[in-house]
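For reference, the chains in residue letters:
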Amino acid sequence: MIGFNEIYEEVYKECNDSLENKRIAVKNYQIISFIIFIGLGVFLAIMYKYPVFVFIGIMIWTLIIGFSKKSRQYNSEFKNNVIKKFVKSYCDTLTYSPERGISSQIYREAEFEHYDRYSSEDYISGILEDGYAIEMAEVHTEDESTDKDGHTTYTTIFYGLFARVSFDKAVFGTIKIRKNKLKLFGNKDRIEMDSGEFEKIYDVYADDKIIAMQLLTADIMQMFIDFKNKYKISPELTIRQNKLYIRFATGNVFEANVLKRALDYDTLKKYYDTINFTLRITEKMLKNIKETELWFFYNCKKYTM
(Lines give C-alpha, C1' and ligand atoms only; values in the text may rest on other atoms or scores of the structure.)
Protein backbone atom coordinates (compact mmCIF):
# COMPACT_ATOMS: atom_id res chain seq x y z
CA MET A 1 0.00 0.00 0.00
CA ILE A 2 1.13 3.56 -0.72
CA GLY A 3 2.22 5.61 2.30
CA PHE A 4 0.10 8.50 3.56
CA ASN A 5 2.50 11.33 2.69
CA GLU A 6 2.76 10.20 -0.90
CA ILE A 7 -1.03 10.01 -1.24
CA TYR A 8 -1.48 13.36 0.48
CA GLU A 9 0.98 15.14 -1.84
CA GLU A 10 -0.68 13.65 -4.91
CA VAL A 11 -4.21 14.63 -3.87
CA TYR A 12 -3.01 18.04 -2.64
CA LYS A 13 -1.56 18.92 -6.05
CA GLU A 14 -4.75 17.89 -7.85
CA CYS A 15 -7.41 19.28 -5.54
CA ASN A 16 -6.18 21.80 -3.01
CA ASP A 17 -6.19 25.14 -4.86
CA SER A 18 -9.64 24.80 -6.40
CA LEU A 19 -11.29 23.34 -3.31
CA GLU A 20 -9.60 25.73 -0.88
CA ASN A 21 -10.88 28.71 -2.86
CA LYS A 22 -14.40 27.30 -2.68
CA ARG A 23 -14.07 26.63 1.04
CA ILE A 24 -13.00 30.22 1.69
CA ALA A 25 -15.87 31.50 -0.44
CA VAL A 26 -18.40 29.46 1.56
CA LYS A 27 -16.85 30.54 4.87
CA ASN A 28 -16.86 34.23 3.86
CA TYR A 29 -20.44 33.94 2.65
CA GLN A 30 -21.47 32.60 6.02
CA ILE A 31 -19.64 35.29 8.00
CA ILE A 32 -20.83 38.22 5.87
CA SER A 33 -24.39 36.90 5.69
CA PHE A 34 -24.50 36.44 9.45
CA ILE A 35 -23.38 40.02 10.10
CA ILE A 36 -25.85 41.46 7.56
CA PHE A 37 -28.79 39.40 8.83
CA ILE A 38 -28.16 40.25 12.48
CA GLY A 39 -27.85 43.94 11.63
CA LEU A 40 -31.01 43.84 9.54
CA GLY A 41 -32.88 42.06 12.30
CA VAL A 42 -31.91 44.72 14.86
CA PHE A 43 -32.86 47.50 12.43
CA LEU A 44 -36.31 46.04 11.72
CA ALA A 45 -36.92 45.51 15.42
CA ILE A 46 -36.20 49.17 16.12
CA MET A 47 -38.29 50.38 13.18
CA TYR A 48 -41.38 48.25 13.86
CA LYS A 49 -41.13 48.08 17.65
CA TYR A 50 -41.22 44.30 17.77
CA PRO A 51 -38.96 42.39 20.18
CA VAL A 52 -35.54 42.10 18.59
CA PHE A 53 -35.41 38.31 19.03
CA VAL A 54 -38.43 37.87 16.73
CA PHE A 55 -36.69 39.39 13.73
CA ILE A 56 -33.31 37.92 14.61
CA GLY A 57 -34.91 34.46 14.90
CA ILE A 58 -36.49 34.79 11.45
CA MET A 59 -33.21 36.00 9.95
CA ILE A 60 -31.15 33.23 11.53
CA TRP A 61 -33.61 30.58 10.30
CA THR A 62 -33.35 31.95 6.76
CA LEU A 63 -29.59 32.09 7.12
CA ILE A 64 -29.37 28.46 8.25
CA ILE A 65 -31.19 27.34 5.11
CA GLY A 66 -28.71 29.27 2.97
CA PHE A 67 -25.75 27.91 4.93
CA SER A 68 -27.03 24.36 4.58
CA LYS A 69 -27.29 24.57 0.80
CA LYS A 70 -23.82 26.09 0.40
CA SER A 71 -22.28 23.57 2.82
CA ARG A 72 -23.91 20.61 1.04
CA GLN A 73 -22.52 21.76 -2.30
CA TYR A 74 -19.02 22.14 -0.85
CA ASN A 75 -19.28 18.82 0.99
CA SER A 76 -20.36 17.01 -2.18
CA GLU A 77 -17.41 18.42 -4.08
CA PHE A 78 -15.05 17.47 -1.24
CA LYS A 79 -16.25 13.86 -1.25
CA ASN A 80 -16.27 13.44 -5.03
CA ASN A 81 -12.83 14.96 -5.45
CA VAL A 82 -10.69 14.59 -2.33
CA ILE A 83 -12.09 11.42 -0.71
CA LYS A 84 -12.66 9.59 -3.99
CA LYS A 85 -9.10 10.32 -5.16
CA PHE A 86 -7.72 9.56 -1.70
CA VAL A 87 -9.32 6.09 -1.61
CA LYS A 88 -8.28 5.32 -5.20
CA SER A 89 -4.70 6.39 -4.50
CA TYR A 90 -4.55 4.19 -1.42
CA CYS A 91 -5.52 1.14 -3.47
CA ASP A 92 -6.65 1.36 -7.09
CA THR A 93 -9.00 -1.64 -6.68
CA LEU A 94 -11.11 0.26 -4.12
CA THR A 95 -14.12 2.35 -5.11
CA TYR A 96 -15.89 5.04 -3.09
CA SER A 97 -19.62 5.79 -3.38
CA PRO A 98 -20.60 8.66 -1.04
CA GLU A 99 -24.37 8.23 -1.41
CA ARG A 100 -24.37 4.47 -0.88
CA GLY A 101 -24.19 2.66 2.47
CA ILE A 102 -23.52 -0.80 3.84
CA SER A 103 -26.61 -2.91 4.53
CA SER A 104 -27.99 -3.32 8.05
CA GLN A 105 -27.97 -7.08 7.50
CA ILE A 106 -24.18 -7.07 7.16
CA TYR A 107 -23.83 -4.89 10.25
CA ARG A 108 -26.07 -7.23 12.28
CA GLU A 109 -23.82 -10.18 11.42
CA ALA A 110 -21.16 -8.75 13.74
CA GLU A 111 -23.51 -8.74 16.78
CA PHE A 112 -22.28 -5.43 18.17
CA GLU A 113 -25.56 -4.14 19.62
CA HIS A 114 -29.33 -4.06 19.27
CA TYR A 115 -30.77 -0.89 17.75
CA ASP A 116 -34.04 0.56 16.48
CA ARG A 117 -32.89 2.83 13.66
CA TYR A 118 -30.03 2.36 11.20
CA SER A 119 -28.45 4.53 8.49
CA SER A 120 -25.28 4.30 6.44
CA GLU A 121 -23.34 6.22 3.75
CA ASP A 122 -19.81 6.70 2.35
CA TYR A 123 -19.42 3.16 1.01
CA ILE A 124 -15.93 1.83 0.16
CA SER A 125 -15.51 -1.59 -1.45
CA GLY A 126 -13.11 -3.68 -3.50
CA ILE A 127 -10.91 -6.76 -3.79
CA LEU A 128 -7.47 -6.23 -2.29
CA GLU A 129 -4.20 -7.57 -3.65
CA ASP A 130 -4.21 -10.51 -1.23
CA GLY A 131 -7.53 -11.62 -2.71
CA TYR A 132 -9.91 -10.75 0.12
CA ALA A 133 -12.91 -8.50 -0.27
CA ILE A 134 -13.55 -5.44 1.86
CA GLU A 135 -16.67 -3.36 2.45
CA MET A 136 -16.53 -0.25 4.62
CA ALA A 137 -18.94 2.61 5.37
CA GLU A 138 -20.09 5.12 7.93
CA VAL A 139 -22.81 3.62 10.15
CA HIS A 140 -25.19 5.34 12.56
CA THR A 141 -27.38 3.28 14.93
CA GLU A 142 -29.96 4.72 17.33
CA ASP A 143 -32.23 3.61 20.14
CA GLU A 144 -35.88 4.70 19.99
CA SER A 145 -37.89 5.60 23.09
CA THR A 146 -41.39 6.99 23.50
CA ASP A 147 -42.57 8.83 26.61
CA LYS A 148 -46.03 8.71 28.18
CA ASP A 149 -47.15 11.65 26.02
CA GLY A 150 -46.27 9.80 22.82
CA HIS A 151 -43.16 11.84 22.03
CA THR A 152 -40.46 9.75 20.34
CA THR A 153 -36.77 10.45 20.82
CA TYR A 154 -33.70 8.79 19.32
CA THR A 155 -30.42 8.26 21.15
CA THR A 156 -27.19 7.43 19.32
CA ILE A 157 -25.72 4.04 20.19
CA PHE A 158 -22.93 3.91 17.61
CA TYR A 159 -21.70 6.46 15.07
CA GLY A 160 -18.56 5.75 13.11
CA LEU A 161 -16.77 3.60 10.55
CA PHE A 162 -17.63 -0.09 10.11
CA ALA A 163 -15.96 -2.68 7.86
CA ARG A 164 -16.44 -6.29 6.83
CA VAL A 165 -13.56 -8.26 5.32
CA SER A 166 -14.22 -11.62 3.63
CA PHE A 167 -11.61 -14.27 2.85
CA ASP A 168 -11.59 -17.81 1.48
CA LYS A 169 -10.61 -19.53 4.72
CA ALA A 170 -12.50 -19.60 7.98
CA VAL A 171 -11.72 -20.08 11.64
CA PHE A 172 -13.65 -22.36 13.97
CA GLY A 173 -15.77 -20.58 16.54
CA THR A 174 -16.40 -16.89 17.17
CA ILE A 175 -14.07 -14.30 18.69
CA LYS A 176 -15.19 -10.86 19.86
CA ILE A 177 -13.14 -7.91 21.07
CA ARG A 178 -15.24 -5.30 22.87
CA LYS A 179 -14.56 -2.16 24.90
CA ASN A 180 -14.41 -2.80 28.62
CA LYS A 181 -17.73 -2.81 30.42
CA LEU A 182 -18.60 -2.99 34.09
CA LYS A 183 -18.51 -6.68 35.00
CA LEU A 184 -21.41 -7.25 37.37
CA PHE A 185 -21.77 -10.92 36.50
CA GLY A 186 -19.40 -13.55 35.25
CA ASN A 187 -19.35 -14.58 31.60
CA LYS A 188 -18.14 -18.05 30.76
CA ASP A 189 -17.08 -16.95 27.26
CA ARG A 190 -14.86 -14.12 28.48
CA ILE A 191 -11.16 -14.93 28.54
CA GLU A 192 -8.21 -13.25 30.25
CA MET A 193 -5.45 -12.11 27.90
CA ASP A 194 -1.72 -11.99 28.64
CA SER A 195 -1.47 -8.21 28.29
CA GLY A 196 -2.51 -6.25 31.39
CA GLU A 197 -2.66 -3.01 29.38
CA PHE A 198 -4.93 -4.64 26.80
CA GLU A 199 -7.16 -6.01 29.57
CA LYS A 200 -7.69 -2.48 30.94
CA ILE A 201 -9.21 -1.40 27.62
CA TYR A 202 -10.88 -4.50 26.16
CA ASP A 203 -12.89 -7.60 26.96
CA VAL A 204 -12.38 -10.68 24.78
CA TYR A 205 -15.08 -13.32 24.31
CA ALA A 206 -14.52 -16.61 22.47
CA ASP A 207 -16.02 -20.06 22.03
CA ASP A 208 -12.54 -21.55 22.27
CA LYS A 209 -9.91 -20.02 24.56
CA ILE A 210 -6.96 -21.73 22.86
CA ILE A 211 -7.89 -20.47 19.40
CA ALA A 212 -8.40 -16.93 20.73
CA MET A 213 -5.02 -16.92 22.48
CA GLN A 214 -3.30 -18.21 19.33
CA LEU A 215 -4.90 -15.55 17.12
CA LEU A 216 -4.69 -12.53 19.41
CA THR A 217 -0.92 -12.41 19.64
CA ALA A 218 1.08 -9.73 21.47
CA ASP A 219 1.66 -7.66 18.31
CA ILE A 220 -2.06 -7.59 17.48
CA MET A 221 -3.00 -6.55 21.02
CA GLN A 222 -0.34 -3.83 20.87
CA MET A 223 -1.85 -2.49 17.63
CA PHE A 224 -5.21 -2.10 19.38
CA ILE A 225 -3.54 -0.36 22.33
CA ASP A 226 -1.52 2.00 20.10
CA PHE A 227 -4.58 3.03 18.06
CA LYS A 228 -6.53 3.73 21.25
CA ASN A 229 -3.69 5.81 22.68
CA LYS A 230 -3.25 7.83 19.47
CA TYR A 231 -6.87 8.60 18.56
CA LYS A 232 -8.76 7.92 21.81
CA ILE A 233 -10.87 5.40 19.88
CA SER A 234 -11.14 1.72 20.84
CA PRO A 235 -11.68 -0.47 17.75
CA GLU A 236 -14.07 -3.38 18.30
CA LEU A 237 -13.88 -6.61 16.34
CA THR A 238 -15.75 -9.83 15.58
CA ILE A 239 -14.36 -12.87 13.75
CA ARG A 240 -16.82 -15.50 12.60
CA GLN A 241 -16.29 -18.18 9.94
CA ASN A 242 -14.63 -16.44 6.99
CA LYS A 243 -15.53 -12.88 7.99
CA LEU A 244 -13.80 -10.22 10.04
CA TYR A 245 -15.92 -7.28 11.23
CA ILE A 246 -14.40 -4.18 12.78
CA ARG A 247 -15.76 -0.80 13.80
CA PHE A 248 -14.41 2.54 15.03
CA ALA A 249 -16.52 5.07 16.99
CA THR A 250 -15.16 7.99 14.98
CA GLY A 251 -18.42 9.91 14.68
CA ASN A 252 -19.02 11.57 11.33
CA VAL A 253 -16.39 10.71 8.70
CA PHE A 254 -15.44 11.90 5.20
CA GLU A 255 -17.26 15.21 5.74
CA ALA A 256 -15.90 18.63 4.72
CA ASN A 257 -15.44 21.27 7.41
CA VAL A 258 -15.38 24.89 6.22
CA LEU A 259 -13.56 25.91 9.40
CA LYS A 260 -10.57 23.73 8.47
CA ARG A 261 -8.40 23.77 5.37
CA ALA A 262 -9.84 21.73 2.51
CA LEU A 263 -7.02 19.20 2.78
CA ASP A 264 -6.45 19.26 6.51
CA TYR A 265 -3.46 16.97 7.08
CA ASP A 266 -4.46 15.58 10.49
CA THR A 267 -8.03 14.78 9.41
CA LEU A 268 -6.96 12.87 6.31
CA LYS A 269 -4.21 11.11 8.27
CA LYS A 270 -6.83 9.84 10.73
CA TYR A 271 -8.92 8.46 7.85
CA TYR A 272 -5.83 6.80 6.37
CA ASP A 273 -4.78 5.24 9.68
CA THR A 274 -8.27 3.87 10.28
CA ILE A 275 -8.47 2.19 6.87
CA ASN A 276 -4.88 1.00 7.14
CA PHE A 277 -5.48 -0.42 10.64
CA THR A 278 -8.37 -2.51 9.31
CA LEU A 279 -6.26 -4.00 6.54
CA ARG A 280 -3.18 -4.60 8.70
CA ILE A 281 -5.22 -6.35 11.40
CA THR A 282 -6.80 -8.56 8.73
CA GLU A 283 -3.41 -9.47 7.28
CA LYS A 284 -1.98 -10.34 10.69
CA MET A 285 -5.05 -12.36 11.67
CA LEU A 286 -4.91 -14.36 8.44
CA LYS A 287 -1.20 -14.97 8.93
CA ASN A 288 -1.83 -16.31 12.42
CA ILE A 289 -4.74 -18.45 11.22
CA LYS A 290 -2.57 -20.06 8.52
CA GLU A 291 0.48 -20.53 10.73
CA THR A 292 -1.45 -22.21 13.52
CA GLU A 293 -3.51 -24.29 11.08
CA LEU A 294 -6.76 -23.14 12.70
CA TRP A 295 -8.39 -22.56 9.36
CA PHE A 296 -10.27 -24.59 6.80
CA PHE A 297 -11.52 -23.77 3.31
CA TYR A 298 -14.88 -22.11 3.69
CA ASN A 299 -16.64 -24.48 1.30
CA CYS A 300 -15.22 -27.51 3.07
CA LYS A 301 -17.90 -30.19 3.58
CA LYS A 302 -16.66 -31.13 7.04
CA TYR A 303 -17.78 -27.78 8.45
CA THR A 304 -20.56 -28.65 10.91
CA MET A 305 -20.85 -25.58 13.16
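Conventions we followed
Each chain carries its own residue numbering, running from 1 in the written order of its sequence. Restriction of local features to residues with pLDDT of at least 70 applies here, the model being predicted, together with a cutoff of 80 or more for giving and counting side-chain atom pairs; totals for whole chains, interfaces and linings are based on all residues. The basis for the side-chain values is all heavy atoms of the structure; hydrogens and waters are excluded. Two strands are counted as paired when DSSP detects at least two bridges linking them. Runs of H or I in DSSP of at least four residues are treated as helices and runs of E of at least two as strands, each being numbered from the N terminus. Should a side-chain nitrogen of Lys or Arg be within 4 Å of a carboxyl oxygen of Asp or Glu, the pair is scored as a salt bridge. Remark: exposure states derive from per-residue accessible area (1.4 Å probe, protein chains only) relative to the maximum for the residue type, with buried under 20%, exposed over 50%, and partly exposed in between. By the criterion applied in these results, polar contacts are pairs of N or O atoms within 3.5 Å in which, for protein atoms, one can donate a hydrogen and the other can accept it, and in which residues neighboring in sequence qualify only through two side-chain atoms. Contacts are assigned to residue pairs with any non-hydrogen atoms lying within 4.5 Å of each other. A pair of aromatic rings is counted whenever rings of Phe, Tyr or Trp (Trp by its six-membered ring) have centres within 6.5 Å, and the orientation is called stacked for planes under 30 degrees apart, edge-to-face for over 60 and tilted otherwise. A positively charged side chain is recorded as over a ring if its NZ (Lys) or CZ (Arg) lies within 6 Å of the ring centre. The angle to the ring normal must also be within 35 degrees. Per-residue confidence from the predictor is given as pLDDT, running between 0 and 100. Note on geometry: axes are lines fitted to C-alpha atoms, helical ones only across the stretch in contact, with angles between N-to-C directions running from 0 to 180 degrees. Convention used here: angles under 35 degrees read as roughly parallel, angles over 145 as roughly antiparallel, angles from 65 to 115 as roughly perpendicular, and any remaining angle as oblique.

Asks: Describe the pairing of strand E2 (residues 117-127), naming the residues involved and giving the relevant values.
Replies: By the bridge criterion, four bridges tie strand E1 (residues 94-97) to E2 in an arrangement that is antiparallel. Opposite Tyr96, over in E2, you have Ile124 as the bridge partner. One ladder, built from nine bridges, connects E2 with strand E3 (residues 133-146); its direction is antiparallel. Paired with Arg117 across the bridge in E3 is Glu142. Linkage of E2 to E3, two consecutive antiparallel strands, is achieved through a turn of five residues, within which Gly131 is found at a positive phi near 95°.

Asks: Kindly report on the pattern of salt bridges, identifying the contributing residues and their values.
Replies: Inspection of every chain in the model, using the stated rule, returns 19 salt bridges. In this structure, the salt-bridge partner of Glu135 is Arg164, at a minimum N-O distance of 2.8 Å. Within this pair, whereas Glu135 is found in strand E3, its partner Arg164 is found in strand E4 (residues 152-179), the two being separated by 29 residues in sequence. With respect to class, Glu135 is no different from Arg164; both count as buried. Among the ionic pairs, Asp273 bridges to Lys269, the shortest N-O distance being 2.9 Å. Of this pair, Asp273 and Lys269 both sit in helix H7 (residues 265-291), four residues apart, which is roughly one turn of the helix. The network of salt bridges with common partners includes Lys79, Glu121, Asp122 and Glu255.

Asks: Tell me about the side chain of Thr238, and name the residues and values.
Replies: Assignment of secondary structure puts Thr238 in strand E7 (residues 236-248). From its side chain, Thr238 meets the backbone oxygen of Ala110 in a polar contact 3.0 Å long. Polar side-chain contacts of Thr238 include one of 2.9 Å to the side chain of Arg178. Excluding anything up to four places from it in sequence, Thr238 contacts Ala110, Phe112, Thr174, Ile175, Lys176, Arg178, Lys243, Leu244 and Tyr245.

Asks: Which residues make up the packing of aromatic side chains, and what are the values?
Replies: Under the criterion given, the structure shown has 25 aromatic pairs. Note on Phe112 and Phe162: the rings are 6.3 Å apart at their centroids and 90° apart in plane angle, and the pair reads as edge-to-face. Of this pair, Phe112 sits in the loop between helix H3 (104-109) and E2 while Phe162 sits in strand E4, placing them 50 residues apart in sequence. Between Phe224 and Phe277, the ring centres sit 5.4 Å apart and the planes meet at 85°, which makes this aromatic pair edge-to-face. Here Phe277 lies in helix H7 and Phe224 lies in helix H6 (residues 218-231), a separation of 53 residues in the sequence. In this structure, Phe224 and Phe277 share a single accessibility class: buried. By way of ring pairs, the aromatic residues Phe4, Tyr8, Tyr12, Phe86, Tyr90, Tyr265 and Tyr272 are connected into one cluster. Sitting over the face of the ring of Phe158, Arg247 holds its NZ or CZ atom 4.4 Å from the ring centroid. Lying over the aromatic face of Phe4, Lys269 brings its terminal NZ or CZ to 5.9 Å of the ring centre.

Asks: Before we move on, could you go through the confidence of the model for the chain and cite the residues and values that matter?
Replies: Of the residues in the chain, 81% have a pLDDT of 70 or more, and the chain-wide mean is 84. A low-confidence stretch, residues 296-305 stays under pLDDT 50, and its non-local contacts, those more than four residues away or across chains, total 17 contacts.

Asks: Describe the packing of H6 against H7, and please don't skip the residues or the numbers.
Replies: The N-to-C vectors of H6 and H7 enclose an angle of 170°; their axes lie 10 Å apart at closest approach. Relative to H7, the element H6 is oriented roughly antiparallel. Of the residues in H7, those touching H6 at Asp219, Ile220, Met223, Phe224, Phe227, Lys230 and Tyr231 are Lys269, Lys270, Asp273, Thr274, Phe277, Arg280, Ile281, Lys284, Met285 and Asn288.

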